[in-house]
Amino acid sequence: MKTIHVPAAEIPVRAEVDVLVVGAGPAGLMAAQAAALVPGTKVMLIENRGILGGNMTIGLPLLGFLGRKGNVVIKGLPGKFVERLQEKGLATHHRACPLHVSLTMIDPEGTKRLAFQIIKECGIELLMYVLATDVIMEGNTVKGVIIDSKKGREAILAKRVVDCTGDGDIAFRAGAPMNYGNENGIPQPATLMFSMRGVDSRKLRDAVADNPDLYDIDFIPNEFFRADDNCTMVGFRNQMKQAEKDGFKLPVARTIFMTGMAPDEWWVNMSRINGVDATDPEQYTEGEVRCAEQNQEVVRYLKKYIPGFENAYVDRTSPFMGIRETRRIDGEYVMTEQDIFNCAKFDDAIAVCAYPVDQHHPVGGDCTLEWCPDCYDIPYRTLVPRKIDGLLVAGRCLSMTHLALASARVMGPAMATGEAAGKAAALSIKEGVEPRNIDIKKLRQALLDEDVYLRD
């Protein structure tokens, strides 16, 4: 590859803070808030987009808030966030679901507004439209990041940094050991969500409930869908087989769509780009273009083969692809799928999860789900990168195997790990220790004091 030489330059310091959170998605919002709630902690949150909320703004439901027994396992700050949305009519209740364990629909625009409100309430310094392009290191310790924007390169110094980029960008640039994708280095595929309005939801629900042999739904009794309640429908393999015989080119093996907040609104999750590396802008660009092309064919399919969609129209498309997987840190503990299936308990647990191992196959168009019998703990050590100090991660770049992440990657657990990382970052400053050496009992008690659910 051809290279050029860039001369050294003095970079102005924009800010000096206690805790810097990079990335304002589900994990980052909770991390910044949790850190700011520790008295005397100066917190800054930076984001490369002009919106807050990340995947909470692209039409996906919140998954993982309930356990297999119907109890709430994601509480604390994430629970309070959802409650505030519910008070405004901007989120549904947590509905138990035989397939996804639980579903909580949220309004993307209302989520953005609430996120801004919380940032202001907590006194968090917010900076958007900046990209963290490098790290400031002192030996093996992260001391801040370099950002780039229309203003040029600037530095933000921080006592602790929490990487909530989803891709482990800060950990990667700091030299932390990383993993990527499955055993062949292939990640779960990306999807570009879109919503359709004008759906005759009553016709759709009754057709599915009345004709289980015709409209085959994975795992869930068809009668489940008759009620006017939030749900996701996964299946319709008979219709897809017929569409393929009729010449349709569909990217997935199952039809997947879910309710929105409006009675006639359904969000569609059917585009699929296998093998795209979302850390490579060229591949990310190609993925967005191909998803948009696939979605046109998906719309034609839905209108022709799925009852209730005959007169539906595309209302909006998500502003960016939903990325299921890229980099993962190699942390102090690597959680495995066996930990999940064995309902593992850990002394350093900072969150509880019950979502299944939801594997959208890296190759091909199908997906599979495997459930643990109850719920499992996420240990604090999965947030701590090996060899690098001054840094924690949260969200879908945790220290887990490819299959384990297929469970913990969804937004409920991401928010919970964000809260734990933000709290740990702030407390480690107060205690004068590196995050890896924090008193885990004090951290767990601080989380319990915020009504986080932890098993005895």
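Residues numbered from 1 in each chain as written. Predicted model: local features only at pLDDT ≥ 70, side-chain atom pairs only at ≥ 80, totals over all residues. Heavy atoms only, no water.

(A) Summary view of the packing of aromatic side chains. Under the criterion given, the structure shown has 9 aromatic pairs. Lying over the aromatic face of Phe 172, Arg 327 brings its terminal NZ or CZ to 4.0 Å of the ring centre. (Phe/Tyr/Trp six-rings, centres within 6.5 Å; stacked < 30°, edge-to-face > 60°. Lys NZ or Arg CZ within 6 Å of the ring centre and 35° of its normal.)

(B) Spatial organisation of the sheet that holds strand β3 (residues 62–63). With respect to topology, 3 strands assemble into an open sheet ordered β3-β5-β4, the strand pairing being antiparallel. Unpaired on one side and paired on the other, β3 and β4 (95–97) mark the two borders of the sheet. Across 3 bridges, β4 lies against strand β5 (residues 101–104) in antiparallel orientation. When the bridges of β5 are listed, Arg 95 appears paired with Leu 103. (Pairing = 2+ DSSP bridges. Helix = DSSP H or I, 4+ residues; strand = E, 2+ residues; numbered from the N terminus.)

(C) Examining the pattern of salt bridges more closely. One pass over the full model with this rule turns up 33 salt bridges. Residue Lys 69 pairs with Asp 374 through a salt bridge whose shortest N-O separation is 3.6 Å. A residue pair is termed long-range when its members are at least 10 positions apart, and Lys 69 in the loop between β3 and α2 (76–87) and Asp 374 in the loop between β19 (367–370) and β20 (376–379) qualify at 305 residues. Glu 121 is the salt-bridge partner of Arg 84, the closest N and O atoms lying 2.8 Å from each other. Of this pair, Arg 84 sits in helix α2 while Glu 121 sits in helix α3 (residues 108–121), placing them 37 residues apart in sequence. Given the relative accessible area of 24%, Arg 84 is considered partly exposed. Members of the salt-bridge network, linked through shared partners, are Arg 202, Arg 205, Asp 206, Asp 210, Glu 223, Arg 226 and Asp 228. (Salt bridge = Lys/Arg side-chain N within 4 Å of Asp/Glu carboxyl O. Buried < 20%, exposed > 50% of the residue type's maximum accessible area, 1.4 Å probe, protein only.)

(D) Quick peek at the side chain of His 360. Among the structural elements, His 360 can be located in strand β18 (residues 357–360). For His 360, the side chain forms a polar contact with the side chain of Arg 272, separated by 2.9 Å. Ignoring any residue separated from it by four or fewer positions in sequence, one finds His 360 in contact with Gln 188, Pro 189, Ile 256, Arg 272, Arg 324, Asp 366, Cys 367 and Arg 409. (Polar contact = N/O pair within 3.5 Å; in protein donor to acceptor, adjacent residues only side chain to side chain. Contact = heavy atoms within 4.5 Å.)

(E) Summary view of the sheet that holds strand β11 (residues 194–197). Taking strand neighbours across the sheet as the criterion, the 5 strands line up as β12-β13-β14-β11-β15 in an open arrangement whose pairing is antiparallel. Both outer strands of the open sheet, β12 (232–235) and β15 (313–317), are each paired with one neighbouring strand and no more. The mean inter-strand angle of the sheet, taken between neighbouring strand axes irrespective of direction, is 30°. As defined by bridge partners, β11 adjoins strand β14 (residues 266–268) across 3 bridges and the pair is classed as antiparallel. Residue pairing across strands places Met 196 opposite Trp 266, the latter belonging to β14. Against the sheet, helix α5 (residues 201–210) makes contact with β12, β13 (255–259) and β14, and its axis sits at roughly 70° relative to β14, the strand it touches most. (Axes fitted to C-alpha atoms, helices over the stretch in contact; angles between N-to-C directions.)

(F) View of α3. Counted at 1.5 Å a residue, the expected span for α3 with its 14 residues is 20 Å, and the 20 Å between its end C-alpha atoms agrees. Along α3, the positions that sit buried rather than exposed are Pro 108, Gly 110, Thr 111, Lys 112, Leu 114, Ala 115, Ile 118 and Ile 119. Contact partners of the buried residues in α3: α1 (26–36), β2 (43–47), α2, β6 (125–128), β14 and β15. N-capping of α3 is provided by Asp 107, with a side-chain oxygen placed 3.3 Å from the backbone N of Glu 109. Just downstream of α3, Gly 123 is the residue with a positive phi angle, here 70°. (Expected span 1.5 Å × (residues − 1).)

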